[in-house]
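For reference, the chains in residue letters:
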Amino acid sequence: MSDLSSKYVLQTAGFDARFPNTNQTRHCFQNYTDYFKCIAAKGEDYAPCKQFKRAYNSLCPNEWVRHIPQNSFGQHRSPRPLKFQIAKWDEQRENGTFPASLEP
């Protein structure tokens, strides 16, 4: 057991005073937009940007992660679940229809 604890550090997003005692969906969205603003300004290799990504992955509701698409034979196409809302936001960003500014 100590071998595992030395390899992995479990973390979640810290307290954010902008979202006290509220549904964390807005907090998830804000960290998503902050991540893409950060990488637009500093680049994907800028380490502090990764904190925003870890935060939105930690805070997004579990319901956005549970579905695994199936092919016509009822078999799973992918071993990993898809984050529907995040996939939707990614698509909106690519199409230029994302509902928030991502300019740094």
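With an unreviewed UniProt entry as reference, the protein is termed Cytochrome c oxidase subunit 12, mitochondrial, source organism Pycnoporus cinnabarinus. Taken from UniProt, the Pathway (unreviewed entry) comment for the protein reads in full: "Energy metabolism; oxidative phosphorylation."

**Brief notes about the overall build of the protein**
From N to C terminus, the protein includes four helices and zero strands. Looking at the protein as a whole, 28% of its 104 residues qualify as buried. Taking contacts inside the protein between residues at least 6 apart in sequence as the whole, the part at least 24 apart equals 48%. Working note: accessible area of the protein is about 7800 Å², and carbon and sulfur atoms make up 51% of it.

**A word on the confidence of the model for the protein**
Detail in the predicted coordinates should be disregarded across regions flagged by low pLDDT. On average, residues of the protein score 75 in pLDDT, and 65% of them are at 70 or above. Mean pLDDT in the protein bottoms out at helix α1 (residues 2-7), which sits at 61, and peaks at helix α2 (residues 25-42), which reaches 91. With pLDDT under 50 throughout, residues 65-71 is counted as low confidence; its partners more than four residues away or in other chains account for 18 contacts.

**Some remarks on the packing of α2 against helix α4 (residues 84-95)**
Where α2 contacts α4, the axes come no closer than 12 Å and their chain directions differ by 40°. Classed by the angle they form, the pair α2 and α4 counts as oblique. Judged by the sense of rotation from one axis to the other, the crossing of α2 with α4 is right-handed. Across the interface between the two elements, C28, F29, Y32 and F36 from α2 touch I86, W89, D90 and R93 from α4. Classifying every residue of the contact of α2 with α4 gives six nonpolar, no polar and two charged.

About the cut-offs
- Residues numbered from 1 in each chain as written.
- Predicted model: local features only at pLDDT ≥ 70, side-chain atom pairs only at ≥ 80, totals over all residues.
- Heavy atoms only, no water.
- UniProt positions renumbered as here; feature names shortened; annotations may be inferred.
- Helix = DSSP H or I, 4+ residues; strand = E, 2+ residues; numbered from the N terminus.
- Buried < 20%, exposed > 50% of the residue type's maximum accessible area, 1.4 Å probe, protein only.
- Contact = heavy atoms within 4.5 Å.
- Areas by Shrake-Rupley, 256 points an atom, 1.4 Å probe, with all protein chains shown as cover.
- pLDDT = per-residue confidence, 0-100.
- Axes fitted to C-alpha atoms, helices over the stretch in contact; angles between N-to-C directions.
- Parallel < 35°, antiparallel > 145°, perpendicular 65-115°, else oblique.
- Left-handed = near helix turned anticlockwise from the far one by under 90°.
- Nonpolar A, V, L, I, M, F, W, Y, C, P; charged D, E, K, R; others polar.

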